[in-house]
Amino acid sequence: MIDKIEKAGISGAGGAGFPTFFKLGAKAEYYIINAAECEPLLESDRNIMLRNAEKIISGIKKVKKIIDFKKAYIGIKQKNTDCGELLKKFIDVDYIEVKILKNIYPSGDEQVMIYEILGKIVPEGGIPLNIGVIVNNVETVYRIEKAISENEVFNKRYVTVNGEIEKPCVMELPLGISFSDILEFAGKKKGINYIAIDGGPMMGKITDIKDGVVKKTTSGILFLSENHELILRKTQSIKNIFAQAQASCCNCMTCTELCSRYLIGHRMEPHKIMRALCSQNFDEKIFEYATLCSECNICELYACPINLSPKTVNQFLKEKFRKEGKKINIKKDSYEAPEERSGRQIPSDRIINRLDIKKYYKKLEFKDEIPEFTKVFLKLSQHIGAPSKPIVSVGQNVKKGDIIAEKNGNLSMPLHSSVDGKVVEVGSDTIIIEVSI
Ligand code: SF4
Ligand code: SF4
């Protein structure tokens, strides 16, 4: 079974794109299915559960045969309790349970979810497997089921399309379809210069419309005006961010008090990093602490009363630390979440109000129809690990599902065509296929 998952090119659909065959190569006591739809405005997990509940349960049973877990928990936010009720109808074994989680952000962060469900804490710098847990996103489980039962490869995915557009919805889109084709379909409004966010409003990445394409990790696309406050916050230059921090940070500690990793007992204290930035006094510990940041963005987009950007500072230091080839060495013997944790959790509604995105927050319907498109742009790197290695050449005809790039090392993944068509370009990072008419 693991062979089929590998050959289907399945990597994590919920975040970093970790190759699924590799993750399921270990044994674990607990298997957690992350269906929390952590980010406000995204509805992809919700729609995948409503349409495929039986297949998701069947996928979990298949994973049981691979990793022999003792218990599987499906973590779902209260707002999607109806999805939980639907899944329960297909659960006929005692080792699968639906867990309803509070509507807080970031309950879909895998370490936060593990704490909420099992009361266990992943060690600093560690992974869930360190405490006997494997976590997969709900779409990943669905893809596992499709790969094993129907030999289907991972060449399309559920994507929420939302923002300042006429027709927000959820669709199952072919990998490689461009953001510009999607925006045309979703209904542009007059007089808006659009910028896209690939992902949700909190953790999503700013993407130029002309460069954006759907990847295995694209759970949602938000199309917003270039003048929206969220876009302005996310496009500040690092120079400005540093200057503002040095001029204005009063070290009030609010960023630390609300930090999602601090609240599970990790020594992630962003105010100390800001203090070090102000005094330009960086010791090794500061770099190490920065690596503990999950980039949930609570500190930057919610906590700081004067709109400073601790997350971006952490990100910068983390990258510097990585480039210098330094290793994290900060594990404690035991961990305990602070007592004040429950009172400091942030309801998703408050995040929605703070980010000025309430008008986009609604239940979204699934659309069977998809945008018209003439080309797909398939990225060779849609997963952690080395990019896939092209095995097609310009002019070659390919069918939907054909392998077009192969695994290129241990953690690498194969890539498949998402359309019937002709290869028109094989670049260093993208294969372009023109769709057959
Ligand atoms: S970054 Fe903001 S929240 Fe954090 S210590 Fe400075 S002023 Fe306070
Ligand atoms: S982004 Fe901010 S709140 Fe989130 S883990 Fe990092 S430091 Fe903590």
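The structure contained in this document is the topic of the report that follows. Residue numbers run consecutively from 1 along every chain, following the written order of its sequence. To read the labels, note that chains go from A and ligands from 1, taken in the order they are written. Given that this is a predicted model, residues contribute local features only at a pLDDT of at least 70 and side-chain atom pairs are listed and counted only at 80 or more, while totals for whole chains, interfaces and linings are drawn from all residues. Calculated side-chain values reflect all of the structure's heavy atoms, with hydrogen atoms and water omitted.

Digging into the overall build of the protein
Alright, step 1. When helices and strands are counted, the protein shows 16 helices and 19 strands.
Alright, step 2. Overall size of the protein, expressed as C-alpha extent along the three principal axes, is 60 × 55 × 45 Å.
Alright, step 3. Accessible area is worked out with a 1.4 Å probe on protein chains only. A residue is then buried under 20% of its type maximum, exposed over 50%, and partly exposed in between. Counting the 437 residues in the protein, one finds 55% classified as buried.
Alright, step 4. Contacts between residues were defined by any pair of non-hydrogen atoms, one from each residue, lying within 4.5 Å. Expressed as a percentage of contacts within the protein between residues at least 6 apart in sequence, the contacts between residues at least 24 apart total 71%.
Alright, step 5. Areas reported here follow the Shrake-Rupley algorithm with a probe of radius 1.4 Å; residue values treat only the protein chains shown as occluding. Here the protein has roughly 18,700 Å² of accessible surface; of this, 47% comes from carbon and sulfur atoms. Labels follow the DSSP assignment, with helices taken as runs of H or I lasting at least four residues and strands as runs of E lasting at least two, numbered in each case from the N terminus.

Here's the deal with the pattern of salt bridges
Any two side chains of opposite charge can pair, so long as their charged atoms come close to each other.
Alright, step 1. Each reported salt bridge corresponds to a side-chain nitrogen of Lys or Arg within 4 Å of a carboxyl oxygen of Asp or Glu. All told, the structure shown has 31 salt bridges when counted by the stated rule.
Alright, step 2. Between glutamate 116 and arginine 341 there is a salt bridge, with the nearest N and O atoms lying 2.8 Å from each other. Taken together, the residues span a long stretch of sequence, with glutamate 116 in helix α5 (residues 110-118) and arginine 341 in helix α15 (residues 341-344) at a distance of 225 residues.
Alright, step 3. What makes glutamate 116 partly exposed here is its relative accessible area of 26%.

Re the site of ligand 1
Alright, step 1. Being near a molecule or strand, for a residue, means having at least one of its heavy atoms within 4 Å of it. Near ligand 1 lie 13 residues; those nearest to it are Cys249, Cys252, Met253, Cys255 and Cys304.
Alright, step 2. When contributions to the shell around ligand 1 are tallied by element, the ones reaching two or more residues are α10 (254-258) and α11 (270-279).

Examining the site of ligand 2
Alright, step 1. Taken together, 14 residues lie near ligand 2, and Cys259, Cys293, Cys296, Cys299 and Asn314 sit nearest.
Alright, step 2. Of all the secondary structure elements, the ones that give two or more residues to the shell around ligand 2 are α13 (298-303) and α14 (310-323).
Alright, step 3. In this classification, the charged set is Asp, Glu, Lys and Arg, the nonpolar set is Ala, Val, Leu, Ile, Met, Phe, Trp, Tyr, Cys and Pro, and all remaining amino acids, among them Gly, are polar. Within the shell around ligand 2, the residues separate by chemical class into seven nonpolar, four polar and three charged.

Comments concerning the nonpolar core
The tendency in soluble globular proteins is for nonpolar side chains to be buried side by side.
Alright, step 1. In this description, a nonpolar core means a group of buried Ala, Val, Leu, Ile, Met, Phe, Trp, Tyr and Cys residues linked to one another through side-chain atoms lying within 4.5 Å. The biggest cluster of nonpolar side chains holds 42 residues, and the ones touching the most others in it are Leu24, Tyr31, Met49, Ile60, Ile74 and Leu87.
Alright, step 2. Of all elements in the fold, only β1 (30-35), α3 (44-67), β2 (71-77), α4 (81-88), β3 (96-101) and α6 (138-150) reach the threshold of two or more residues within this core.
Alright, step 3. Examining the composition of this core, we find that nine residues originate from one element, α3, more than from any other.
Alright, step 4. Filtering out sequence-adjacent residues up to four positions away, tyrosine 31 remains in contact with Leu24, Ile60, Val63, Ile67, Phe69, Lys71, Ala72, Tyr73, Ile134, Asn136, Val141 and Ile144.
Alright, step 5. Counting residues in hydrophobic clusters, the runner-up holds 31 residues, among them Val161, Ile165, Phe179 and Val392.

Section: the sheet that holds strand β17 (residues 415-416)
Alright, step 1. Paired strands, as defined in this entry, are two strands with at least two bridges between them according to DSSP. Read across the sheet, three strands follow the order β14-β16-β17 without closing on themselves; strand pairing throughout is antiparallel. Since the sheet does not close on itself, it has two edges, and those belong to β14 (389-390) and β17, each with one partner.
Alright, step 2. The pairing of β14 with strand β16 (residues 403-406) spans two bridges and is classified as antiparallel. Residue pairing in the sheet places proline 390 in a bridge with alanine 405 of β16.

Notes on α11
Alright, step 1. Along α11, the residues that are buried comprise Pro270, His271, Ile273, Met274, Ala276 and Leu277.
Alright, step 2. Looking at the buried residues of α11, the elements they touch are α9 (238-248), α10, α12 (284-290) and α14.
Alright, step 3. Residue glutamine 280 follows α11 closely and has a positive phi angle near 55°.

A closer look at the side chain of aspartate 198
Alright, step 1. Checked against the element boundaries, aspartate 198 lands in strand β8 (residues 194-198).
Alright, step 2. Within polar-contact distance, the side chain of aspartate 198 engages the side chain of lysine 215 at 3.1 Å.
Alright, step 3. The residues touching aspartate 198, leaving out its near neighbours within four places in the chain, are Phe179, Gly204, Lys205, Thr207, Val213, Lys215, Thr218 and Gly220. For the purposes of these results, a polar contact is taken to be a pair of N or O atoms within 3.5 Å, where, inside protein, one atom must be able to donate a hydrogen and its partner to accept one; residues adjacent in sequence count only when each atom of the pair is a side-chain atom.

Focus on the packing of α9 against α11
Alright, step 1. Each axis is a line fitted through C-alpha atoms, taken for helices only over the stretch in contact, and angles between the N-to-C directions span 0 to 180 degrees. Look at α9 against α11: their axes get within 9 Å of each other, and the N-to-C directions meet at 90°. In this view, α9 runs roughly perpendicular relative to α11, as classed from their interaxial angle. Touching Phe242, Ala245 and Gln246 of α9 are Met274, Leu277 and Cys278, all from α11.
Alright, step 2. Counted by class, the contact of α9 with α11 contains five nonpolar, one polar and no charged residues. Any angle between 65 and 115 degrees counts as roughly perpendicular, while under 35 counts as roughly parallel, over 145 as roughly antiparallel, and the rest as oblique.

Notes on the sheet that holds strand β19 (residues 430-435)
Alright, step 1. Read across the sheet, four strands follow the order β13-β19-β18-β15 without closing on themselves; strand pairing throughout is antiparallel. Strand pairing shows two members of the sheet lacking a second neighbour, β13 (375-379) and β15 (397-398), which therefore form its edges.
Alright, step 2. As judged from the two bridges shared by β15 and strand β18 (residues 421-426), these two strands associate in the antiparallel manner. Along β18, the bridge assignment pairs valine 398 with glycine 421.

Some remarks on the pairing of β2
Alright, step 1. Among the seven residues in β2, seven count as buried, and that is most of the element.
Alright, step 2. The side-chain alternation of β2 yields two buried faces, one formed by Lys71, Tyr73, Gly75 and Lys77 and the other by Ala72, Ile74 and Ile76.
Alright, step 3. Sheet topology places β1 next to β2; six bridges connect them, and they run parallel. The residue of β2 that forms the bridge with tyrosine 31 is alanine 72.
Alright, step 4. Crossovers are described as right-handed under a simple rule: with the strands pointing away from the observer, the path leading from the first strand over the helix to the second runs clockwise. Once you follow β1 into α3 and on to β2, the crossover reads as right-handed.
Alright, step 5. Note: β2 against β3, six bridges, orientation parallel. Bridge assignment links glycine 75 to a residue of β3, and that residue is lysine 99.
Alright, step 6. Considered for its hand, the β-α-β crossover made up of β2, α4 and β3 is right-handed.

Looking at unusual backbone geometry
Alright, step 1. In this structure, the amide linkage connecting tyrosine 105 to the following residue, proline 106, adopts the cis form with an omega of 5°.
Alright, step 2. Following the sequence through the fold, proline 106 ends up in the loop between β4 (104-105) and α5.
Alright, step 3. The phi dihedral of asparagine 307 is positive, around 55°, even though this residue is not glycine.
Alright, step 4. With respect to the secondary-structure elements, asparagine 307 resides in the loop between α13 and α14.
Alright, step 5. You can call asparagine 307 partly exposed: its relative accessible area is 40%.
Alright, step 6. Of note, aspartate 356 is a non-glycine position whose phi angle comes to about 60°, a positive value.
Alright, step 7. When you line up the elements, aspartate 356 lands in the loop between α16 (348-354) and β12 (366-367).

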